[in-house]
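# Architecture and fold: a report
Each chain, written out:
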Amino acid sequence: MSLRFEEIDWQPTPIGEISLRRRRHPVSGDDVYEVKLGDEFLMSSMFTTGEIALAQLALAKLPDTELDVAVGGLGLGYTAEAALDDPRVRSLTVIDALAAVIDWHQRGLVPLGARLSSDDRCRLMHGDFFALAAGACGLDPKEPGRRFHAILLDVDHSPRHVLHPRHADLYKPAGLRLLAEHLHPDGVFALWSNDPPDDDFTSALTEVFAQAAAHVVDFDNPLQGGTSANTVYLAVTAQAPDTP
């Protein structure tokens, strides 16, 4: 049986001190993994419904063909695992700015680490998703100009509540246009948010993409009781023009 509480790892990062903790749930007895940045909670293995829905909702909009997917933000790996659970996914590139988070997975310190690290389709890449998305070379430095069928993003708390001020540019029409250049025609951009649907952000998406909508994902909250919700934004690029 695990300890009631354990700090598994702690490391300084460019945006603050990050820690991985494990505690035992007093009722179920399950191990709960938590990540904190400074004094702020980033994620918990108790609440993964929204992260899983991010992948499932996005991939459901794509055709029945082989897919190349990029994920911004590794976290505890639930979005990446949900993508790999789709047999159409032939490659998954997961980008995280924090080397410590990738290290946790590669060392098997988190429950999904072994699964993600051992799947030949999955590459865990240390990098700045926001800088890569804004650059002409794109999200894969090994293959400049590469396009993806889906780009899934779960880094900031919401388009208005960002972890670093420079992230804010991506959520404006100009930043979204740069990101859309890294998608195939009919490609999907999906964003997780901890806030309710934001009409201003949905409007920004509709300026850039052919389709855009916000989806509310409800889940049980055993800590507070009742139900909580995340938002998943889905945006689809325009179809390729017909060739004569």
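These numbers were taken from a predicted model, which means no experiment stands behind them.

### Examining the packing of aromatic side chains
Tallying each qualifying case throughout the model produces six aromatic pairs. Judged by centre distance (6.4 Å) and plane angle (65 degrees), the ring pair of Phe 130 and Tyr 171 falls under edge-to-face. Taken as a pair, Phe 130 in helix H5 (residues 129-134) and Tyr 171 in the loop between strand S8 (148-153) and helix H6 (173-180) lie far apart in primary sequence, 41 residues in all. Judged on exposure class, the residue Phe 130 and its partner Tyr 171 are both buried.

### Comments concerning the pairing of strand S1 (residues 5-13)
Examined bridge by bridge, S1 and strand S2 (residues 16-24) share eight bridges and lie antiparallel to one another. Bridge pairing in S2 links Gln 11 to Ile 18. Linking S1 back to S2 in an antiparallel pair, the connection comprises two residues.

### A closer look at the sheet that holds strand S10 (residues 211-220)
Taken in spatial order, the seven strands line up as S7-S6-S5-S8-S9-S11-S10 in an open sheet, and their pairing is mixed. Each edge of the open sheet carries a strand with a single partner, namely strand S7 (122-126) and S10. On average, adjacent strands in this sheet sit at an angle of 20 degrees to one another, irrespective of strand direction. Pairing geometry for S8 and strand S9 (residues 183-193), over five bridges, is parallel. Bridged to Ile 151 within S9 is Phe 189.

### What to know about the side chain of Asp 86
With respect to the helices and strands, Asp 86 occurs in the loop between helix H2 (78-84) and strand S6 (89-96). Not counting residues up to four positions away in its chain, the partners in contact with Asp 86 are Leu 59 and Arg 121.

The rules behind each value
Residues numbered from 1 in each chain as written. Predicted model: local features only at pLDDT ≥ 70, side-chain atom pairs only at ≥ 80, totals over all residues. Heavy atoms only, no water. Phe/Tyr/Trp six-rings, centres within 6.5 Å; stacked < 30°, edge-to-face > 60°. Helix = DSSP H or I, 4+ residues; strand = E, 2+ residues; numbered from the N terminus. Buried < 20%, exposed > 50% of the residue type's maximum accessible area, 1.4 Å probe, protein only. Pairing = 2+ DSSP bridges. Axes fitted to C-alpha atoms, helices over the stretch in contact; angles between N-to-C directions. Contact = heavy atoms within 4.5 Å.

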